[in-house]
Amino acid sequence: MNSFFRSPLVMAFSLVVTTSYAADSPLFEKDVRPILKAHCWHCHGEEDQHEGKLDTRLARFLFKGGETGSSIVAGDSKASLLIQRVVSGEMPPGKKKLSPRELDILTQWVATGAKTARPEPEMLADGDTFTDEERSHWSFQPIQRPLLPVVKQTELIRTPVDPFLLAKLESYKVSYGPEAERVTLIRRLSFDLTGLPPTPAAVDRFLQDDSPDAYERLVGEFLASPHYGERWGRHWLDVAGYADSDGYAEQDLERKWAYRYRDYVVRSFNGDKPWNEFLIEQIAGDELLAPPYANLSPEQADYLIATGYLRMGPDGTGAGGVDQNVARNEVVAETIKIVSTSVLGLTVGCAQCHAHRYDPIAHADYYRLRALFEPAYDWKNWRAPNARLVSLWSDATRTEAAAAEAEFQQVTKDRTAALDIIVQETFDRELAKLPAETQPLAKEARETAADKRTDAHRQLIKEYPFLNVDRGSVYLYLPDRLTKFNKEWDEKQAGVKQKRPADDFVQCLTEVPGQTPPTKLFSRGDFNQPRQDVGPGELAVLNRTGFDIPGDDPALPTSGRRLAYARYLTNGRHPLTARVIVNRLWMHHFGRGLVGTPGEFGALGEKPSHPELLDWLATDFMDHGWQVKRLHRQIVLSTAYRQASTRRDELDAIDPENRLLGRMSVRRLEAESVRDSLLALTGKLSDKMYGPPVAVTPDEVGQIVVGVDTRDSAGRPTGKNVGIGEDEFRRSLYVQFRRSMPLSMLEPFDAPVMSPNCEQRASSTVAPQSLLLMNSEFVVDQTFSMADRVRLEAGDDLPAQVSLAWRWAFARTPTDTERNAGAGFLADQTTTLAATTANEKNKPDPARLALANLFHALVSANGFLYVD
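Residues numbered from 1 in each chain as written. Predicted model: local features only at pLDDT ≥ 70, side-chain atom pairs only at ≥ 80, totals over all residues. Heavy atoms only, no water.

### Looking at a negative patch on the surface
On the surface, E700, E728, E777 and D781 cluster together to form a negatively charged patch. One can find E777 in helix α29 (residues 777-794). By relative accessible area, which is 56% here, E777 ends up exposed. (Patch = residues over 30% accessible without salt bridge, like charges linked within 9 Å, V, L, I, M, F, W, Y side chains within 5 Å. Areas by Shrake-Rupley, 256 points an atom, 1.4 Å probe, with all protein chains shown as cover. Salt bridge = Lys/Arg side-chain N within 4 Å of Asp/Glu carboxyl O. Lys, Arg positive; Asp, Glu negative; His and termini not counted. Charge placed at Lys NZ, Arg CZ, Asp CG, Glu CD. Helix = DSSP H or I, 4+ residues; strand = E, 2+ residues; numbered from the N terminus. Buried < 20%, exposed > 50% of the residue type's maximum accessible area, 1.4 Å probe, protein only.)

Right under this line is the structure:
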C-alpha cells in the first residue's frame, strides 16, 4: 500500500469525514482563520503577489480559489483541493505542518458548509487583518473593577484577595486548607520578601509574640528591610534582561557601568517608587531632562540611569568581526522584545517579518513600536556602546579633573626632561671613552637622522651601540640609578593621579537632539528591503482611544516619542500594563501567576485562572498610587497566602495543579537564594550593597567562580590568586552576570538565561543540582564555616549542636527523634573519622569534620532547598 494512506494525518482525515458533526459547526473567523493565518498567509495573503494566485484571508477567497480552481467545496471535504493538499503533506511547505487537531477543525469546517460568522467584506483594506474574534481576546479588553464576590465562609476573609479565591473554591464544594504553622509562615515570608532565611532570633521573637498584629508587623519588618529591594529588584532584572556584559559576539565584552541600573532598581523597590513612575523613568527618563546632561542632582541622574533598562539587550556593535548592520538592527529588535514581554506581556517579534501568526498584531504595528526607539537607536548613524556613556561629572568636578590632568602632563614633561638629562650624561660619558679622533664622527652619527646616515655612520653605530642610547635603553647602562629614578617619579604618577576624580559614567539611552530618522517597514524583516515610512504608535488592537504620538514633540529637545508612550502606558486606561505587573507579583508569591504565562498574554498564553481577581488587583493597584508594597500586603496578609501546603484528596481530585489555591504550593529556592542562604548560615554573608559587581573567573577545572580573572592573554590560568576580601561573600545579586560565564553555583538551579531576557524562570529538579551540592568546593567550604559557627555558639554539647544546626538550616527546632539521631550521627562519625585519619600527617579535627558532614546533609535536604 502507498505510504500516503498510512500517514497519521490521512487516518485522522478519514475519521473526520465519516464522523457526525456537532451541532456547533466551526466558523471561519473563530476557528479556521487562525489556522490559515499561522500556516498559509505567508505565501497566500500577506505579500503583494499571492503564490498560485490564491488568497486565504477570506472564506470567499477560498471558494474563488487560485490558478488550479476553487480550493474548497462546501459540504465535501474529500473533494476540496485545500484539504487534499494539507492531508498529502504538500501544503504547507517545509517541516511545520498542521496538527491533527487543526486538520480536524479545517475538515469539519468544509464538511459542515464552510460557514462564516458574518458577511465578508468585498475587499480587504491594506493592513486590515483583524476580526472581531481577535479583538475580543480577554487581555485586550479594558480593565473593569469587579464587585467582591459573596461567599459563605466570610470568617476566612482577611483581604479582598480571599473572596475571589473562596468563591471559586466553594463552587467546587471545597475550601481553603488549614493555616500554616508560625515557623512555616516566617520562613515563607522571609524568603518571599528578602530572599534569605530568617535568623533563629527572628523566629523566636515571632513565636513568642502573642499580639493580634504580630504577623502584620512581621510583614512590615520584612518590607522595610534593605534586603527586600535586593530580592524584588532581582525579579525585575530578570525580565529587564540585566547583564554585566554585551553578549552577542564571542568576546562578550564587559559592561563596566551596567551596575548603576541594577542599583537604581534596588533603590526603587526599597523606596517603594510608584510603578508608573518606575516605568516612565526606564522607558523615557532621558526625555525628562534637557541635554546636555550636566550638573545633575541625584534624582536627575536616576532618570538617566533608569534608561539602562533599554540598554540591557545583547549588543555586538562594540565588538570586532560582526556585520554591523545586522548587529545594530538586532539591538533594536531585542530591545523591543524586552519592553513588550516585560511591560505588555506580549511577544511581538513575530510581526517583525509578517503579521503576527496568532495575535492581531500587524506587520506595520511592529514598526510603529520600532519608531518609538529609532531616534535613540538610529541604525544608520550608530553610536557604539562606549559612545553612549554619559558622564555624571559636575562642572566643578570637570575643573578639578582638568587641573589634575594639567598637573599630570607637567609631571610627565618634567620626568621626560629629567630622563633626557640622564640619557645625555650617559652618552657623554660613553663618548669620552672613545679615541679623540673618533669622537666627532660618533657624535655626528648620533645626531644624524637614521635615514640620512652614511655607511660610516652605520658602521660606527654597529661597533658602539651606545651611540643609539635613548630613554628606552638607558637603563642598560645605569640599572640602579634608573630603578631609583623610576620609583621616585612613579610615586609622583601616582600622587597626581590620585587627585583626578574617578570616572563616573552612566550606561543609558539618549537621543541626539535634532536627529529623528525615518522608520521604514522592512519587507519580511529584511533591512535591505525598506518599504514605506511608519510613524510611532501603539499596537492598533490596544489603541481604543485614538491615541496618537507626534513624530517630533516641539516642546522637547528630543523627539518625545518614548515619553509620550510611557505616559500612555501608565495613564490607568491601558489594558495590559497593570494586569501584567500584578500578575508577576502574584507569581512570585504563589509560584504561579493568575496567568500562567507572565510574558505571553496573547492567544498562545494561558487564560487567567481568576480573571475577576486579576482585574480587581490591577484596578486597586492603580487606584492606590501604583504602590508595590501595598500590593504585597494585600497578598501576603490574605488567608490564601497563610495556608499550609498539605495536600488533600478532595482538592487533588479536582485541582491537582493547585490553580484554585486551596492550599499553598511548595516551591524550590531560586538559584541566588540557595547560594545566599549558604552564606547566611555561615554568618559571613556581607551586608554591603550597591557598587561595581564582584568579578567572576574560571577556576582550574573550568568552573565559573567568584574571583579576579588572572588568565593570560591566551585565556590560560596563571595560578595567581588575588584576594577580594568580603566581596567573596556578597549576595549573588552583586556578582557579575556575564552572559558567557554564568556562575557555576547558580546555573544548575535554573539561573536566568538572558536571551535577551528571562520572562519566567524554570524550576527543575535534576541530578546536576545534587551533584553540585555534594561536590562543590564552595558548598564544602561553607559547611566547615557553619560547623565552626555552631561549635562557637553551642560548645561541645552534641544535642545543642544539632538543635542549632536544624534551626539555621530549616528555621525550626528538631523533633526529639531528629535531635537524638543527629547527636548519634555526630558521635559515631567523630569516632569513625578519628580512626580513619589517625595516621594522616595533617589530620583534621574529627569532631569538626563530623559536624561539617551533618551540615552538608542538611543543606542538601528538601527542608533547606524548598519553601513550604
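### Some points on the side chain of H589
If you trace the backbone, H589 turns up in helix α23 (residues 577-590). Dropping the residues within four chain positions of it, H589 is found in contact with D192, L193, W232, H632, I635, V636, Y641, M664 and R667. (Contact = heavy atoms within 4.5 Å.)

### Section: the packing of aromatic side chains
Here a ring pair, both rings aromatic, is described through the centre-centre distance and the interplanar angle of the planes. Scanning the model with the defined rule gives 28 aromatic pairs in all. Measuring from centroid to centroid gives 5.7 Å for W257 and F505, while their planes differ by 70°, and the two rings are edge-to-face. Here W257 is found in the loop between α11 (226-240) and α12 (259-270), whereas its partner F505 is found in strand β2 (residues 505-506), with 248 residues between them in sequence. Relative accessible area serves as the criterion here: at 23%, F505 is assigned to the partly exposed category. For the pair F427 and F466, a centre-to-centre distance of 6.0 Å together with 40° between the ring planes defines the contact as tilted. Highlighted residues: F427 in helix α17 (residues 395-431) and F466 in the loop between α19 (455-463) and α20 (479-492), separated in sequence by 39 residues. Across the pair, F466 and F427 agree in class, each one buried. Grouping aromatic residues by their ring pairs yields a cluster made of Y228, W236, Y261, Y264, F269, W275, F278 and Y309. Taking the ring centre of F206 as reference, the NZ or CZ of R182 above it sits at 4.5 Å. Above the ring of W382, the side-chain terminus of R388 is found at 4.7 Å from the ring centroid. (Phe/Tyr/Trp six-rings, centres within 6.5 Å; stacked < 30°, edge-to-face > 60°. Lys NZ or Arg CZ within 6 Å of the ring centre and 35° of its normal.)

### Points about the packing of helix α2 (residues 28-39) against helix α5 (residues 100-111)
Here α2 crosses α5 at 125°, and the two axes come no closer than 10 Å. With respect to α5, the element α2 is oriented oblique. The handedness of the crossing between α2 and α5 is left-handed. On α5, the residues that touch F28, D31, V32, I35, L36 and H39 of α2 are E102, I105, L106 and W109. Its residues placed into classes, the contact of α2 with α5 shows seven nonpolar, one polar and two charged. (Axes fitted to C-alpha atoms, helices over the stretch in contact; angles between N-to-C directions. Parallel < 35°, antiparallel > 145°, perpendicular 65-115°, else oblique. Left-handed = near helix turned anticlockwise from the far one by under 90°. Nonpolar A, V, L, I, M, F, W, Y, C, P; charged D, E, K, R; others polar.)

### Quick notes on the packing of helix α8 (residues 182-194) against helix α10 (residues 214-224)
Contact geometry for α8 and α10: axes closest at 9 Å, N-to-C directions at 25°. Accordingly, the angle class assigned to the pair α8 and α10 is roughly parallel. For the crossing formed where α8 meets α10, the hand is right-handed. In contact with R182, L185, I186, L189, S190, L193 and T194 of α8, α10 contributes A214, Y215, L218, V219, F222 and L223. Of the residues assigned to the contact of α8 with α10, the class counts are 10 nonpolar, two polar and one charged.

### A short note on the nonpolar core
It is characteristic of soluble globular proteins that their nonpolar side chains tend to be buried jointly. In terms of nonpolar packing, the biggest core is built from 132 residues, with W236, Y261, W275, Y309 and W586 touching the most fellow members. Those residues in contact with W236, other than ones at most four positions away along the chain, are Y261, V265, F269, W275, F278, L279, Q282, Y309 and S342. (Core = buried A, V, L, I, M, F, W, Y, C linked by side-chain atoms within 4.5 Å.)

Take it as geometry only, folks, not as evidence of what the structure does.
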